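Summary of the model geometry
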Amino acid sequence: MHVPAEVSAAAGEAAVLPCTFTHPHRHYDGPLTAIWRAGEAYAGPQVFRCAAARGSELCQTALSLHGRFRLLGNPRRNDLSLRVERLALADDGRYFCRVEFAGDVHDRYESRHGIRLRVTAAPRIINLSVLPGPAHSFRALCTAEGEPPPVLDWSGPALGNGSAAVRGPGQRQDPGHQVTAELPALVHDGRYTCTASNSLGRAEASVYLFRFHGASGASALALPLGALGLKALLLLGVLAARAVARRRPEHPVAQDTPPRPQAQESNYENLSQMSPRDPPAATCLP
């Protein structure tokens, strides 16, 4: 079995895993099966399998994980090369090609060390949150993914100068090419930004912290923002202004005719469909 040590491709694109082989049966035209495994030789889960009938060069696909694996080579010509479509970071790993002869031969060949498929990706922030801490304090968590694993940096008013950037303390590598960094103490109100960067690019997301004191003690409002930035704050201001306008009392309208006596209301009414200014949804006469 002849395979390269490594193949590299970007997430979202396609990759070709080359695999060729030799065998002592030069003119073999019996049934054969081509198999690709992931993770471990001989025992890893199959991601692709096809079978060719005696005398046929068509290898009929029997298994293609998520429909993204396609045979490029011709097993009759000793070629098992595989194409993987729409790469994701989860596809990163080692792959093993295998061919099985049937009939009177019963030979089986599989690559022992396989091919390392390295999937690269620019950083992407997948979670940014503010969590309560001890003594009415708050902390921020930022999780990003990418390959190479991104480096996370924090900037914000709690870090000395308002634009100062620091490496997130407690940065750790999570499964699935993810990295998490914590900002343990949000001291001042304002905007806190998490920046993820690697050799392929960078991404950032922000959270705005606003603390206020109510009857029950200190509270806080944390608003995560990505590309929206200050537009989300302006939207909140517009919604607040509309809410205040709706609470203003309306002027009563004089009636030209005396009011009609109302029937006694039932104790059972569809309150979920009523508004404060709507008439009763249902009445029941005694």
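Relevant structure appears above.
Let me sum up the structure you'll find in this document. Predicted model only: the values in this text are computed from it and were never measured.

Let us look at the sheet that holds strand 2 (residues 15–17). Pairing within the open sheet is antiparallel, and its 3 strands lie in the order 2-7-6. Edge positions in the sheet fall to strand 2 and strand 6 (69–71), since each has one partner strand and no second. Adjacent strand axes in the sheet meet at a mean angle of 25°, parallel and antiparallel pairs treated alike. In the sheet, strand 2 pairs with strand 7 (residues 82–84) via 3 bridges, with the strands oriented antiparallel. Bridge assignment links Val-16 to a residue of strand 7, and that residue is Arg-83.

This part is about the environment of Gln-178. As for its placement among the helices and strands, Gln-178 is situated in strand 15 (residues 178–183). Along the backbone, Gln-178 and Pro-123 are 55 residues apart, and their C-alpha atoms lie at a distance of 9.5 Å.

Below, the discussion takes up the pairing of strand 8 (residues 93–101). Here strand 8 lies mainly inside the structure; 8 of its 9 residues are buried. Judged from the 7 bridges that link them, strand 3 (residues 32–38) and strand 8 form a sheet pairing that is antiparallel. Bridging across to strand 8, Trp-36 finds its partner in Cys-97. Relative to strand 10 (residues 115–132), strand 8 runs antiparallel, the two sharing 3 bridges. The residue bridging Tyr-95 from the neighbouring strand is Ile-115, located in strand 10. By the bridge criterion, 3 bridges tie strand 8 to strand 9 (residues 108–110) in an arrangement that is antiparallel. Opposite Arg-98, over in strand 9, you have Glu-110 as the bridge partner. Hairpin connection, strand 8 to strand 9: the antiparallel pair is bridged by 6 residues, and Gly-103 has positive phi, about 75°.

Take the nonpolar core next. With 31 residues, the main nonpolar core has Leu-17, Trp-36, Phe-48, Leu-80, Tyr-95 and Leu-117 as its most contacted residues. Elements that contribute at least two residues to this core include exactly strand 1 (6–10), strand 2, strand 3, strand 4 (46–52), strand 6, strand 7, strand 8 and strand 10. Setting aside residues no more than four positions away along its own chain, Phe-48 makes contact with Ala-34, Ile-35, Trp-36, Thr-61, Leu-63, Ser-64, Phe-69, Arg-70, Leu-71 and Leu-82. If you look at the next biggest cluster of nonpolar residues, it comprises 20 residues, including Ala-140, Trp-154, Cys-194 and Ala-196.

For the rest of this paragraph, the subject is the packing of aromatic side chains. If you walk through the whole model with that rule in mind, you get 4 aromatic pairs. Consider the rings of Phe-21 and Phe-101, whose centres lie 6.4 Å apart with planes at 55°: the pair is tilted. Of this pair, Phe-21 sits in the loop between strand 2 and strand 3 while Phe-101 sits in strand 8; the two residues are 80 residues apart in sequence, bridging distant segments of the chain. Like Phe-101, Phe-21 is buried. Each ring, one from Tyr-208 and one from Phe-210, has its centre 6.3 Å from the other, and the planes form 5°; the classification is stacked. An aromatic cluster of three or more residues is present, and its members are Phe-21, Tyr-28, Phe-101 and Tyr-109.

Counted according to the given criterion, the structure contains 3 disulfides. In this model, Cys-50 is linked to Cys-59 through a disulfide, with the two sulfur atoms separated by 2.0 Å. Torsion about the S-S bond of the Cys-50 and Cys-59 cystine: about 95°, corresponding to right-handed handedness. Counting only the cysteines that take part in disulfides, in the order they occur along the protein chain, gives the pairing 1-4, 2-3, 5-6.

So, about unusual backbone geometry. For the bond from Glu-147 to Pro-148, the omega torsion is 5°, close enough to zero to count as cis. Checked against the element boundaries, Pro-148 lands in the loop between strand 11 (138–147) and strand 12 (151–155). Phi is positive for Tyr-42, close to 70°, though the residue is something other than glycine. Tracing the sequence through the fold places Tyr-42 in the loop between strand 3 and strand 4. Exposure remark for Tyr-42: the relative accessible area of 47% places this residue in the partly exposed category. The backbone of His-66 sits at a positive phi, close to 60°, despite the residue not being glycine. Its location among the elements puts His-66 in the loop between strand 5 (60–64) and strand 6. Take His-66: its relative accessible area is 61%, and that puts it in the exposed class.

Turning next to the pairing of strand 1. By the alternation rule, side chains of strand 1 split into Val-7 and Ala-9, which are all buried, and Glu-6, Ser-8 and Ala-10, of which none is buried. Relative to strand 10, strand 1 runs parallel, the two being bridged by 5 bridges. Looking at strand 10, one finds that Val-7 is bridged to Leu-117.

Conventions used here
Residues numbered from 1 in each chain as written. Predicted model: local features only at pLDDT ≥ 70, side-chain atom pairs only at ≥ 80, totals over all residues. Heavy atoms only, no water. Pairing = 2+ DSSP bridges. Helix = DSSP H or I, 4+ residues; strand = E, 2+ residues; numbered from the N terminus. Axes fitted to C-alpha atoms, helices over the stretch in contact; angles between N-to-C directions. Buried < 20%, exposed > 50% of the residue type's maximum accessible area, 1.4 Å probe, protein only. Core = buried A, V, L, I, M, F, W, Y, C linked by side-chain atoms within 4.5 Å. Contact = heavy atoms within 4.5 Å. Phe/Tyr/Trp six-rings, centres within 6.5 Å; stacked < 30°, edge-to-face > 60°. Disulfide = S-S within 2.5 Å.

What is shown is where atoms sit, not what they do.
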